[in-house]
Amino acid sequence: MNSDDILKKLEKNLMHFDTSAKTANVGTVVSITDNIVVATGLSKALMGEEVSFEDGTLGLILNLDEDSVSIVLLGKPKDITEGDTVKTTGKILQVMASEELLGRIVNPVGLPLDGKAAVKKGTPMPLERIAAGVIDRQPVDTALKTGIKSIDALFPIGRGQRELIIGDRGLGKTAIAIDTIINQKEINDRAAKDKTGKIKRVLCVYVAIGQKQSTVAQVVEKLRETGALDYTIIVAANAADQVSLQYLAPYAGVAIAEYFMEKGEDVLIVYDDLTKHAWAYRQISLVLKRPAGREAYPGDIFYVHSRLLERAVRLNENNGGGSITALPVIETQADDISAYIPTNVISITDGQIFLKSDLFNSGIRPAIDVGLSVSRVGGAAQTGAMKSVSGRIKLELAQYKELAVFAQFGSDLDAATLSQLERGKRLTEVLKQPQYSPLSEANEILSIWAVTNGFADDVPVDQILRFEKEYHEFVARTDKTLIETLLSGAKIKEETTESLKKVTTAFKKVFTA
Amino acid sequence: MKRNLLKDLVAASYTKDKLNEERVMDIAAHLDRKELKAYIRALRLEEKKHKIYIALPSLSGYNTSKKTLASMYPDKELVIEEDPNLLLGVRIQDNDMVYEMSLQNRLDSIIDEIEQNYNE
């Protein structure tokens with residue numbers, strides 16, 4: 001930029017500079033307890049308005065009473081005492097969003113947590129906003145691939161869907177979310193090469209709520225290692241942060257996601273987790289002396305989550321065609337999905353992936369309970385290719401589960417039942433998948449097709465994963481056209497089935513169990 | 001103490017828009033510590049409503065603007081403060097509304113603008 005340009009830029013900014021007299025509505029701090037400030041005055045203050053204290057600390061108005069307001073602090077108070085002045089700012093809470101945020105770790109008010117400079121330029125996005133209306137939306141019709149066989153085949157997720165990940169602690173809920181983020185790298189790389197514009201990239205926002213800093217650091221490291229951080233924004237309000245920040249974190253995350261969605265981008269947002277978010281809101285509400293309801297949660301806890309998750313949307317072409325896909329995470333206690341918060345969020349979302357501890361302990365990972373998991377809208381988004389192979393799995397798995405229970409009572413089983421049991425074992429085995437290794441859709445289809453069509457029936461169960469790995473490598477080496485055909489998502493035709501048979505038979509000749 | 005009762009006590013503490021010392025002392029004598037605290041707070045708030053706080057960088061030029069200010073707020077008592085930090089101009093506080101028309105405020109706005117737009 002030359003000197004003329006700099007001067008022109010300054011002049012342009014000067015035109016927008018507001019030199020009029022400033023008016024402010026002020027109040028006086030009456031009390032400060034548990035990071036909640038009660039102040040008198042502020043008669044013109046608005047609900048949800050940002051206020052500032054003499055020491056520079058910011059606050060958010062959460063209660064408007066007849067002659068006082070309750071303010072929740074958004075940072076650690078440096079020096080707020082009774083009698084201090086508090087001023088309204090005329091702004092509702094917002095976060096600065098721009099492309100510069102990609103790859104960054106920020107807190108819910110947009111301050112950097114990664115030691116780099118703050119992102120000050122961009123579009124201010126309000127944290128609280130009414131979700132897009134019915135007219136602005138279109139049905140979910142594009143798949144969001146997780147790279148996890150069992151999810152993509154059985155409970156497909158569409159772009160714009162809200163799919164809950166629910167289960168006890170330590171069962172791999174975060175792992176599913178992180179794998180999904182990592183899997184977008186392959187799709188984004190293909191989108192970058194695709195000249196037809198049919199493949200759209202997916203940007204990701206990971207919202208860490210009330211988590212240990214070490215856990216967030218691990219997630220960041222894993223994303224960096226896999227190259228996924230380049231298209232991911234992390235919004236973190238850790239366990240040691242103000243409870244107000246933990247409450248605001250998911251709203252900040254979705255505000256950033258909306259910025260990209262409005263530009264026509266597809267965004268995936270992970271709320272990890274909404275149980276801690278509900279705890280944070282309960283804590284704030286109790287300190288604000290709001291009436292407590294079931295499990296001491298305030299009466300509006302359902303609305304807190306529903307208004308957040310309603311912002312996950314697939315916009316129609318008139319509105320840019322962008323989308324926000326939400327993966328909220330809920331932690332259960334002793335596999336109890338009938339507790340207050342889990343039932344609330346289950347009823348809000350378009351399906352849930354339920355992880356069960358006994359499956360996890362018996363070595364089935366991801367420990368997805370096929371019976372209790374569901375995807376209500378994703379089926380429409382599944383590609384034709386995946387649909388062709390996944391149709392049989394659910395039925396075969398259900399039959400296997402029933403037969404397996406029945407077979408425990410006797411050993412004299414007919415050949416057909418025995419073969420069904422053996423097939424079921426292999427099907428269960430092939431749906432296992434290690435962490436941080438999402439598969440492309442082509443490889444997912446190959447694995448499922450081979451097992452459901454009996455090509456793995458003679459492979460010992462403990463060799464299935466090796467069979468799968470070598471099979472993928474073999475097909476990648478010998479039949480690239482088949483991979484391309486499967487990746488195109490088109491329904492599997494007869495000639496593709498023939499190619500699949502041919503390549504699988506060829507592989508079986510070289511595979512030694 | 002109930003809010004309505006507190007309001008009545010505050011109203012009873014005034015005669016002709018002026019705080020009546022005798023009445024205030026009389027009321028205060030009948031209140032316990034907690035009630036007294038609430039009463040003092042309510043009186044302070046009420047007092048703010050009856051006064052206009054005007055801050056000027058120097059009191060030397062006050063006499064020229066006294067009439068104008070008094071005509072702007074005929075029902076209220078003017079409280080004049082000297083605040084050299086304002087540099088130029090005036091700051092008026094009417095109850096909980098503050099009108100900033102000082103050079104200090106303008107300079108602060110410029111600093112904020114620069115900080116927000118030229119962080120590199």
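Cut-off values and rules
Along every chain, residues carry numbers that run from 1 in the direction the sequence is written. Lettering for chains starts from A, numbering for ligands starts from 1, and both go in the order in which the items are written. For a predicted model such as this one, the threshold for reporting local features is a pLDDT of at least 70, and the threshold for listing and counting side-chain atom pairs is 80 or more; totals across whole chains, interfaces and linings nevertheless cover every residue. The basis for every side-chain value is the complete set of heavy atoms in the structure, and neither hydrogens nor water enter the calculation. Numbering of helices and strands runs from the N terminus; a helix is a DSSP stretch of H or I covering at least four residues, while a strand is a stretch of E covering at least two. Two things to know: the radius of gyration comes from C-alpha atoms, and the globule rule equals 2.2 Å times the number of residues to the power 0.38. Here's how the labels work: a residue is buried when its accessible area is under 20% of the maximum for its type, exposed when over 50%, partly exposed in between, all with a 1.4 Å probe on protein chains only. The contact criterion used is simple: two residues touch if any of their non-hydrogen atoms lie within 4.5 Å. Under the convention used here, a 1.4 Å probe and the Shrake-Rupley method define accessible areas, while residue burial counts only the protein chains that appear. At least two DSSP bridges between two strands are required for those strands to pair. Orient the strands so they point away from the viewer, and a crossover whose first-strand-to-second-strand path over the helix runs clockwise is right-handed. The axes used here are C-alpha line fits, helices contributing only the stretch in contact, and every angle between their N-to-C directions lies in the interval 0 to 180 degrees. Any angle between 65 and 115 degrees counts as roughly perpendicular, while under 35 counts as roughly parallel, over 145 as roughly antiparallel, and the rest as oblique. Here a crossing is taken to be left-handed if its near helix is turned anticlockwise relative to the far helix by less than a right angle, and right-handed if that turn runs clockwise. Two parts placed together each lose some accessible area under a 1.4 Å probe, and the buried area is that loss summed for both. One side-chain nitrogen of Lys or Arg within 4 Å of one carboxyl oxygen of Asp or Glu is enough to make a salt bridge. N or O atoms closer than or at 3.5 Å make up a polar contact, with two conditions inside protein: a donor-capable atom paired with an acceptor-capable one, and, for residues adjacent in sequence, both atoms drawn from side chains. Polar here means any residue outside two lists: the nonpolar Ala, Val, Leu, Ile, Met, Phe, Trp, Tyr, Cys and Pro, and the charged Asp, Glu, Lys and Arg; Gly therefore counts as polar. Nonpolar cores are built from buried Ala, Val, Leu, Ile, Met, Phe, Trp, Tyr and Cys residues. Side-chain atoms within 4.5 Å join them into one set. Stacked, tilted and edge-to-face are the three classes applied to pairs of Phe, Tyr and Trp rings, where Trp contributes its six-membered ring and a pair requires centres within 6.5 Å; stacked means planes under 30 degrees apart, edge-to-face means over 60, and tilted covers the rest. Predictor confidence is given residue by residue as pLDDT, running from a minimum of 0 to a maximum of 100.

Broken down by element type, chain B carries five helices and six strands. A compact globule built from 120 residues should have a C-alpha radius of gyration of about 14 Å, whereas chain B, at 20 Å, is more than 25% larger. Each of the three principal axes of chain B carries a C-alpha extent, and together these read 60 × 40 × 20 Å. In chain B, which comprises 120 residues, the share counted as buried stands at 29%. Taking the contacts inside chain B whose residues are at least 6 apart along the sequence as the reference set, 55% of them involve residues at least 24 apart. Of the roughly 8,300 Å² of accessible surface on chain B, a fraction of 52% belongs to carbon and sulfur atoms.

Residues and elements named next belong to chain B. As judged from the six bridges shared by strand β3 (residues 51-56) and strand β4 (residues 77-82), these two strands associate in the parallel manner. Directly across from K51, in β4, lies its bridge partner E77. Crossover handedness for the path β3 to helix α4 (residues 62-72) to β4: right-handed.

Residue and element names in this part refer to chain A. Remark: helix α6 (residues 274-287) packs on helix α7 (residues 301-309), axes separated minimally by 10 Å, with the N-to-C direction vectors making an angle of 135°. By the angle between their axes, α6 is oblique relative to α7. Between α6 and α7 lies a crossing of right-handed hand. Each of L274, H277, A278 and Y281 in α6 lies in contact with α7, whose residues at this interface are I301, V304, H305, L308 and L309.

Listed by partner, the interface residues are 23 residues for chain A and 23 residues for chain B. Surface buried jointly by chain A and chain B totals about 2,000 Å² across both partners, of which 49% is contributed by carbon and sulfur atoms. Our count for the chain A to chain B interface comes out at three salt bridges. The partner of K7 of chain B in a salt bridge is E66 of chain A, and the shortest N-O contact between them spans 2.7 Å. At the surface where chain A touches chain B, the tally comes to nine residue pairs in polar contact (both at pLDDT 80 or more). Mapped by element, the contributors of at least two residues to the side of chain A that touches chain B are α1 (3-16), β1 (22-33) and β2 (36-41) of chain A. With seven residues, β1 of chain A is the largest single contributor of residues to the side of chain A that touches chain B. Counted by class, the side of chain A that touches chain B contains eight nonpolar, nine polar and six charged residues.

On to the packing of helix α13 (residues 464-478) of chain A against helix α14 (residues 480-488) of chain A. Residue and element names in this part refer to chain A. It is the contact of α13 with α14, at a shortest axis distance of 5 Å, that shows an interaxial angle of 105°. As far as their axial angle goes, α14 and α13 are roughly perpendicular. Facing α13, whose interface residues are V475, A476 and T478, α14 presents K480, L482 and I483. Of the residues that constitute the contact of α13 with α14, the class distribution is four nonpolar, one polar and one charged.

The full count for this structure, using the stated rule, is 36 salt bridges over all chains. Across the pair R3 of chain B and D67 of chain A runs a salt bridge, and its minimum N-O distance is 3.9 Å. Of this pair, R3 of chain B sits in helix α1 (residues 3-12) while D67 of chain A sits in the loop between β4 (58-64) and β5 (69-73), placing the two residues on different chains. Given the relative accessible area of 40%, R3 of chain B is considered partly exposed. Between E422 of chain A and K425 of chain A there is a salt bridge, and its shortest N-O distance comes to 3.3 Å. With E422 of chain A and K425 of chain A both in helix α11 (residues 415-430), this residue pair falls three residues apart, about one helical turn. With relative accessibility at 36%, the residue K425 of chain A sits in the partly exposed group.

Let's shift gears to the nonpolar core. All names here are of chain A. By size, the foremost hydrophobic cluster in this structure holds 133 residues, and its most contacted members are I181, L223, I234, I269 and Y271. In terms of residue count, helix α5 (residues 243-261) provides more of this core than any other element does, 14 residues in total. Beyond its immediate sequence surroundings of up to four residues, L223 is in contact with I178, I181, I182, A228, L229, T232 and I234. Grouped together as the second largest cluster of nonpolar side chains are 13 residues, V37, V51, V69 and I71 included.

Residue and element names in this part refer to chain A. The tally for this structure, following the rule as stated, stands at eleven aromatic pairs over all chains. Ring centres of Y247 and Y251 lie 5.6 Å apart, and the angle between their planes is 65°; on these two criteria the pair is classed as edge-to-face. A residue pair is termed a helical-turn pair when its members lie 3 or 4 positions apart in one helix, as Y247 and Y251 do in helix α5 at four residues. Accessibility classification places Y247 together with Y251 in one group, the buried group. Here the aromatic rings of Y297 and Y340 are separated by 5.8 Å at their centres, their planes lie at 55°, and the arrangement is tilted. Taken together, the residues Y297 in the loop between α6 and α7 and Y340 in helix α8 (residues 340-348) connect sequence positions 43 residues apart. One aromatic cluster is present, built from ring pairs that chain together F467, Y471, F474, F507 and F511.

This part takes up the sheet that holds strand β8 (residues 105-106) of chain A. All names here are of chain A. Ordered in space as β8-β12-β11-β13-β14-β10-β15-β16, the eight strands form an open sheet in which the pairing is mixed. At either margin of the open sheet sits one strand with a lone partner, and together these are β8 and β16 (374-375). The pairing of strand β11 (residues 202-209) with strand β13 (residues 266-272) spans seven bridges and is parallel. Looking at the pairing, C204 lines up with L268 of β13. Packing of helix α3 (residues 173-193) onto the sheet brings it into contact with β10 (164-167), β11, β12 (232-237), β13, β14 (323-331) and β15 (351-355), and relative to β11 it is tilted by some 160°. Against the sheet, α8 makes contact with β10, β14 and β15, and its axis sits at roughly 155° relative to β10, the strand it touches most.

This part is about the environment of N238 of chain A. Residues and elements named next belong to chain A. Inspection of the secondary structure assignment puts N238 in the loop between β12 and α5. Overall, N238 belongs to the buried group, its relative accessible area being 6%. A C-alpha to C-alpha distance of 42 Å links N238 and G384, two positions 146 residues apart in sequence.

Here the focus is the confidence of the model for chain B. Mean pLDDT over chain B: 86, with 97% of residues reaching 70 or higher. For this predicted complex, the interface confidence score (ipTM) comes to 0.81, while the overall pTM stands at 0.90.

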